[in-house]
Amino acid sequence: MHPPVDFYNIFSELTEDEQHIVNAWTDYLSNEVVPMINPWWEKGEFPKQLLPRMGEMFENTLSDGNGRFAEQSPLLAGVLSLELGRLEPSINTFTGVTLGLCGRSIDMFGSPEQKDRWLPDLLTAKAIGSWALTEPEAGSDAAMGLRTTAQRDGDDWVINGAKKWSGNATFADVNVIWARNLETGQVNGFLVELGTPGYTVEKLEGKIAKRCVENVLIGLDNVRVPAENRLPGVNSFRDVGRQLAAARAAVGWEACGVAMGAYEHALAYCKERKQFGKPIASYQMIQHQLVQMLGNITAMQGMLLQMAKQDAAEGAASHERASLAKAWCTAKMRETVAMARGVLGGNGILIENHVARLFADAEAVYSYEGSYEMNTLIVGRAITGHSAFV
Ligand SMILES: Cc1cc2nc3c(=O)[nH]c(=O)nc-3n(C[C@H](O)[C@H](O)[C@H](O)COP(=O)(O)OP(=O)(O)OC[C@H]3O[C@@H](n4cnc5c(N)ncnc54)[C@H](O)[C@@H]3O)c2cc1C
């Protein structure tokens, strides 16, 4: 695998310990995941045989050794998303959902008992997590448009409704289900375990991006969970929003990684591929595209680095900064992967050359964690004082 493109030496900002953690992931993904992933991507299945080693990776790099998340600087969190996105975007989403969304929800909002029950297993991949906010009829407007309801009944909650997408849910042991509490009218979170009566999961087929991530349609038909399965730290959607800013920032980093991976493959290909007796890398129009890609990547890296520094200084991710990074980086990623695909000619649409996989996966990155438009409008509201979407 090529070293990551780093024209302005952005990665030198990591501490030595952080660099070791990133290197561990680079080696693991390059040696054990990238060489085997394409057939699984084509089949549209998550390769579960990766889980034991992935559990070791989680434990060695992301856990504090006591069943809780290790402290992580915003820069390290971001560069890990970037590196997973650069090498294998489906694995990045798998990890982002089981730990970044499910695990972090329990970490941020869970009771001590919920943390003890789930975090040690999630942080070793002995248990897998999912996270379900989006519904068939509620996507961009999920904050106010959730139809799924939770009704208190004695010592239980009874959940009814439907969910869509929810990564990993075909095999996830626990899913964080967001539902409207019928007493308060506010969004609450509930831990629902696979196999709970009334909780049904159907895999979405025919997906053209992130094909190793198993996305689903979920039915919730009088699903009964004990009162202690409600996440006590969430009383309204505003609480969930605190988690979403960090998740959006991570997707900005992922976008940069996907663009980097596509560029690196494209550059190597252009140096090898000969037409008219010379490497295509020697032609002006090819060089122009390679330099445009590099410019996009370097601009993304600079923006993301400064976002991480600012988040660290303020002690939290900011919604507006994360939304700008998510919207802008995913747009630049889309431009970059399209050029990378183009300079490979016909070979750019063959999965064996890897660029095709990154090109397709970029489409999911563009739409999830808030679409390009929604993140743009969040920034638009911040700078003008006018909301253009509600
Ligand atoms: C691969 C993948 C994995 C996912 N994983 C998960 C997951 O694990 N858990 C989960 O809960 N969700 C998940 N999602 C769902 C994702 O968050 C939603 O797809 C996203 O929020 C957009 O919602 P939507 O697809 O329903 O689009 P819609 O909300 O229907 O939007 C359609 C289009 O309309 C635009 N639009 C909507 N409202 C406005 C407006 N007011 N002004 C201007 N434009 C507007 C949007 O920007 C978009 O272009 C996943 C999605 C994908 C593709």
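Note that this is a predicted model, so its numbers are computed, not measured. (Residues numbered from 1 in each chain as written. Predicted model: local features only at pLDDT ≥ 70, side-chain atom pairs only at ≥ 80, totals over all residues.)

Quick word on the overall build of the protein
In plain terms, the rule: Numbering of helices and strands runs from the N terminus, with a helix taken as a DSSP run of H or I at least four residues long and a strand as a DSSP run of E at least two residues long. Using C-alpha atoms as the atom set, the radius of gyration is obtained and then compared with a globule rule of 2.2 Å times the number of residues to the power 0.38. To sort residues by burial, count the other C-beta atoms lying within 10 Å of each one's C-beta; a count of 20 or more means buried, 12 or fewer means exposed, and anything in between means partly exposed. C-beta atoms are built from the backbone. Contact between residues is assigned whenever the C-beta positions, reconstructed from backbone atoms, fall within 7 Å.
Of regular secondary structure, the protein possesses 11 helices and nine strands. The C-alpha atoms of the protein give 21 Å as radius of gyration, which agrees with the globular expectation for 390 residues (21 Å, within 12%). C-alpha extents for the protein along the principal axes are approximately 80 × 50 × 40 Å. Counting over 390 residues, the protein shows a buried share of 47%. Contacts in the protein between residues far apart in sequence, at least 24 positions, make up 76% of those at least 6 positions apart.

Points about helix H3 (residues 74–87)
Basically, it comes down to this: Helix span, expected: 1.5 Å multiplied by one less than the number of residues in the helix.
In a regular helix each residue adds 1.5 Å, so 14 residues correspond to 20 Å; H3 covers 20 Å between its end C-alpha atoms and thus fits that length. With 14 of 14 residues buried, H3 is to be regarded as a mostly interior element.

A few points about the site of the ligand
Formally: Any residue whose C-beta atom, as set from the backbone, lies within 6 Å of a molecule or strand is reported as near that molecule or strand. Classification used: nonpolar for Ala, Val, Leu, Ile, Met, Phe, Trp, Tyr, Cys and Pro, charged for Asp, Glu, Lys and Arg, polar for all others including Gly. An automatic or database domain assignment provides the domain bounds reported here.
Close contacts around the ligand come from 21 residues, with Gly 139, Ser 140, Trp 165, Ser 371 and Glu 373 the closest. At the level of elements, strand S1 (129–132), helix H10 (355–367) and helix H11 (372–384) are the ones that each hand at least two residues to the shell around the ligand. With three residues, H11 is the single largest residue contributor to the shell around the ligand. Of the residues assigned to the shell around the ligand, the class counts are 10 nonpolar, nine polar and two charged. Formed jointly, the shell around the ligand draws a minimum of three residues from each of two domains, domain 2 (129–229) and domain 3 (237–384).

Here we look at the packing of helix H8 (residues 284–314) against helix H9 (residues 319–343)
This is how it is decided: All axes are obtained by fitting lines to C-alpha atoms, using only the stretch in contact for helices, and the reported angles, taken between N-to-C directions, cover 0 to 180 degrees. Should an angle fall under 35 degrees it is called roughly parallel, over 145 degrees roughly antiparallel, and 65 to 115 degrees roughly perpendicular, with every other angle called oblique. Left-handed describes a crossing in which the near helix is turned anticlockwise from the far one by less than a right angle; the clockwise case is right-handed.
The contact between H8 and H9 brings their axes to 10 Å, and the two run at 160°. Considered as vectors, H8 and H9 are oriented roughly antiparallel to each other. Every pair of crossing elements has a handedness; the one defined by H8 and H9 is left-handed. Residues Ile 286, Gln 289, Gln 292, Met 293, Asn 296, Ile 297, Ala 299, Met 300, Met 303, Leu 304, Met 307 and Gln 310 of H8 lie in contact with H9, whose contacting residues are Arg 321, Ala 325, Cys 329, Lys 332, Glu 335, Thr 336, Met 339, Ala 340 and Val 343. Split into classes, the residues belonging to the contact of H8 with H9 amount to 13 nonpolar, five polar and three charged.

Looking at the environment of Cys 270
Within the secondary structure layout, Cys 270 lies in helix H7 (residues 237–272). For the pair Cys 270 and Glu 320, spaced 50 residues apart in sequence, the C-alpha to C-alpha distance is 38 Å. When sequence neighbours within four positions are dropped, the list of residues in contact with Cys 270 reads Pro 279, Ile 280, Ala 281, Ile 286, Leu 290 and Val 343.

Considerations on the nonpolar core
To keep things clear, this is the line we draw: For this entry, the nonpolar core is defined as buried Ala, Val, Leu, Ile, Met, Phe, Trp, Tyr and Cys residues connected by C-beta atoms within 7 Å.
The biggest cluster of nonpolar side chains holds 111 residues, and the ones touching the most others in it are Cys 256, Ala 259 and Ala 262. Counting residues per element, this core draws most heavily on H7, which supplies 16 residues. In this structure, Ala 262 is in contact with Thr 336, Val 337, Ala 340, Val 355, Leu 358 and Phe 359, ignoring residues within four places of it in sequence.

Quick notes on the domain arrangement of the protein
Domain boundaries assigned for the protein yield domain 1 (10–122), domain 2 (129–229) and domain 3 (237–384). Here the C-alpha centre of domain 3 lies 20 Å away from the C-alpha centre of domain 1. If you look at the interface, domain 1 gives 27 residues, while domain 3 gives 25 residues. Contributing elements (two or more residues each) for the side of domain 1 that touches domain 3: helix H1 (16–43), H3 and helix H4 (89–109). Here the side of domain 1 that touches domain 3 gets 11 residues from one element, more than from any other, and that element is H3.

Some thoughts on the environment of Leu 305
Checked against the element boundaries, Leu 305 lands in helix H8. Sequence separation between Leu 305 and Thr 170 is 135 residues; the distance between their C-alpha atoms is 35 Å.

Notes on the packing of H7 against H8
Here H7 crosses H8 at 155°, and the two axes come no closer than 10 Å. Compared by their axis directions, H7 and H8 come out roughly antiparallel. Our pair here, H7 against H8, has a crossing hand that is left-handed. Contact with H7, carried on its side by Ala 249, Gly 252, Trp 253, Cys 256, Ala 259, Met 260, Tyr 263, Ala 266, Leu 267 and Cys 270, involves Ile 286, Leu 290, Met 293, Leu 294, Asn 296, Ile 297, Met 300, Gln 301, Leu 304, Met 307 and Asp 311 of H8 and no other residues of that element.

Some details on the pairing of strand S3 (residues 156–165)
Note the cut-off: Paired strands are those between which DSSP finds at least two bridges.
Sheet analysis places strand S2 (residues 149–153) next to S3, joined by five bridges and oriented antiparallel. Considered in S3, the bridge of Ala 150 is made with Ile 159. Following S2, the chain reverses through two residues before pairing antiparallel with S3; Gly 154 in that reversal takes a positive phi of roughly 65°. Sheet analysis places S3 next to strand S7 (residues 216–226), joined by nine bridges and oriented antiparallel. Paired with Ala 162 across the bridge in S7 is Gly 219.

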